[in-house]
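# Working through the structure, step by step
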Amino acid sequence: MNFGTLKMYIDGHLVESSNENYKDIISPLNNKTIAKLSWASREDSIKALKSAQKGFDIWSRTPVVERTNWMNLLREKILEKKEKLRKSISYEMGKPFTATAEDIDSITDSLEYYSEIIVDQIESKELKDKDGTHLHKLITQPIGVVVAYLAWNFPLLNAGFKIGPALASGCSIILKPSELSPVSLYLIGEILHEINFPAGVINILCGDPNEVATELSISTIPKLITMIGSTETAKRVISDSSTSIKKYSMELGGNAPFIVFEDADINHAVDIGAAIKFGNCGQICVAANRFFIHEKIYNEFLNKLIKKAEALKIGFSKNLDFEIGPLITLKSRERIEKLIEQSVNEGAIIRCGGKIPENIDEGNWFEPTVISNVTDRMKIFHEEIFGPIATLISFKNEDEVLESANNTKYGLASYLFTNDKKRIERFVQELDFGEVQVNGIKYDIYLPHGGIKESGVGHDCSELALDDYLIKKRITITKT
C-alpha cells in the first residue's frame, strides 16, 4: 500500500520543505516504500516556531468553549477517516490491524476527555488573607508554545497524549513525529487543513533530528518541551534546550519487573504477561522485561508462557491478519539478536523462538522468544529490551525479589501477582516505579501515566498532565 506524497502542516497550510526534500518511508512489514514525505529542514523548524508563537497569541485568548468546539470537530473528523489512519499505522509501524484501534481510541479519547475537564482545572481560586487587608486570587493560564517529540511505537496514541492537554489548556504545539513512523500524523495534518483549524495552533513536521529537533530545542520560544522516547534522547534534548528556562514533561525508557508469587492465579498471570510482553512485538515502554517467578511455580509458568509464545501468529498478509508484528528496523533486529547471543554465552537458555522466522523472506520479523536462567549479571537484565523477548528469573522470597526488581536505573511500570494483602501493601510501597499494577493491567486517558528515576518527569494522561501545560499566577489587590 502507498499513501502517496505527504506534506508538512505549518501555519494552517500543507507545505513542502524549504529545500524541497522528500524522504521515502519504509514499512517494517516488507521493507518497501509506503509514502514519500516532505522532509523538514532547519529553516522549516524556525517557520514552525514563529507560526506556533502567533498561534499561541490567538489560541490562548480564545474562549474555552470555542477551543473545545474545535477539539470536538477534530475528533469527529479523525473518526470519519479512521480506516485510512489505521491502515497507515499498520504499514508504518508494522502493527496488526486489530491493534491499531488503540491509537485511534487514544487520540480521540484524549480530545474528548480534556475538552470535558479543562473548565474545572482553570477556575480561579480565592486565597484567604489573614489580616483582612488584601484580596487574593490564584488564576491559571497556558504556559505557552509546546514542542512535542513523539516515539514511533504508537504514532497517534503518543500524539493524542500531547494534543489533548495542549489544546484544552490554550497552548499551541509543534509535533515532531519519529522519522520511523510519521505517516499517520502527516495525515492528521491533512485533516487539520481540511477543517481549517486555526492557523499556527498545531504544526507538524518531521526531518533529521540533528537539524529539526535541535533547532526546536535550542529556541527560546518553547516554554514546555514534552516527549516520549529514550532516556538518552531526553538528556540530549535537555542539554540542547538549556538556552532558556523551560518546563519538561517526559515519558522515557522502562525495564518493568513482572513478579508472580506462588499464591497467584498462574493462568491469569501468564495471559497478562504474554499480552504485555509480546504485544506490539515487545516495543512498548511499559512492556514486561524481567519475569520474576517464584521457584515453586517457575517451571509451570515457564511451560505455559512458551505455549503462548509459540501459538502467536506471525507473518505479513495484505489484510494485516496476524498477531505479532515485526521490529521497527533491521538495526533493531540485529540488536535483539546480539542481546540474545550474549545472554546465551553467559548461561541463559533459549526455550522458544530466538531467531528469524524461516518462512518469511522480507520485513523485520522475529520470533516471540522465551529465555530462562537469566541473572542480574547479564546485559539483557539491565537493558530496555524493546523486543519480543521474555526473560525469566527464579526467586525464593520477598526480600530477594524486591532487591532484584529495583535493581535498574529505570522506574516506569511494574507488575505484581499475589493474593496476599500484606505482601501487596509492602510491594506497592517498596517497588521503586511510577506505576505498580497488581493482579492485572489498566491504562486509560483518565489514569496518570508517568515514571521516576531515569524514566522521566511529569505525567501523560489524567488531570495531572495539565499541570505541565498550565501555570499559576497569584493576584493580590489591596483593599481601599
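The structure under discussion appears in the preceding block.
To keep things clear, this report deals only with the structure shown in the data block. (Residues numbered from 1 in each chain as written. Predicted model: local features only at pLDDT ≥ 70, side-chain atom pairs only at ≥ 80, totals over all residues. Heavy atoms only, no water.)

## Some details on the side chain of S45
Mapped onto the elements, S45 comes out in helix α1 (residues 42–59). With residues near it in sequence (within four places) discarded, S45 still touches L205, V212, E215 and L216. (Helix = DSSP H or I, 4+ residues; strand = E, 2+ residues; numbered from the N terminus. Contact = heavy atoms within 4.5 Å.)

## Things to note about the nonpolar core
One finds I188, I202, F258, I259, F301 and L392 to be the most contacted residues of the largest nonpolar core, which totals 151 residues. Counting residues per element, this core draws most heavily on helix α5 (residues 155–169), at eight residues. Residue contacts for I259: discarding those within four places in its chain leaves F292, F395, V401, A405, Y415, L416, F417, F427 and L431. (Core = buried A, V, L, I, M, F, W, Y, C linked by side-chain atoms within 4.5 Å. Buried < 20%, exposed > 50% of the residue type's maximum accessible area, 1.4 Å probe, protein only.)

## Regarding the packing of aromatic side chains
With the rule as written, the count across this model stands at 13 aromatic pairs. Centre to centre, the rings of Y113 and Y114 are 4.9 Å apart; their planes meet at 80°, and the pair counts as edge-to-face. Comparing Y113 with Y114, the two get one shared label, buried. A ring pair is formed by F261 and F427, whose centres lie 5.5 Å apart and whose planes are at 90°; its orientation type is edge-to-face. Pair noted here: F261 is in the loop between β13 (256–260) and α9 (266–278) and F427 is in helix α14 (residues 421–430), with a separation of 166 residues, a long-range link. With respect to burial, F261 and F427 carry one shared label: buried. An aromatic cluster is built from F258, F291, F301, Y415 and F417, whose rings are joined through pairwise contacts. For the cation-ring pair, R86 lies above F97, with the distance from its terminal atom to the ring centre recorded as 4.0 Å. In this arrangement the basic side chain of R290 is found over the ring face of F381, its NZ or CZ atom lying 4.9 Å from the centre. (Phe/Tyr/Trp six-rings, centres within 6.5 Å; stacked < 30°, edge-to-face > 60°. Lys NZ or Arg CZ within 6 Å of the ring centre and 35° of its normal.)

## Looking at the environment of Y149
Its place among the elements puts Y149 in strand β8 (residues 145–149). Considering only alpha carbons, one finds Y149 and G387, 238 residues apart in sequence, at a separation of 22 Å. Ignoring sequence-local partners within four residues, the contact set of Y149 consists of K176, A213, L216, S217, I225, T226, M227, I228 and V237. One polar contact links the side chain of Y149 to the main-chain carbonyl oxygen of A213, over a distance of 2.8 Å. (Polar contact = N/O pair within 3.5 Å; in protein donor to acceptor, adjacent residues only side chain to side chain.)

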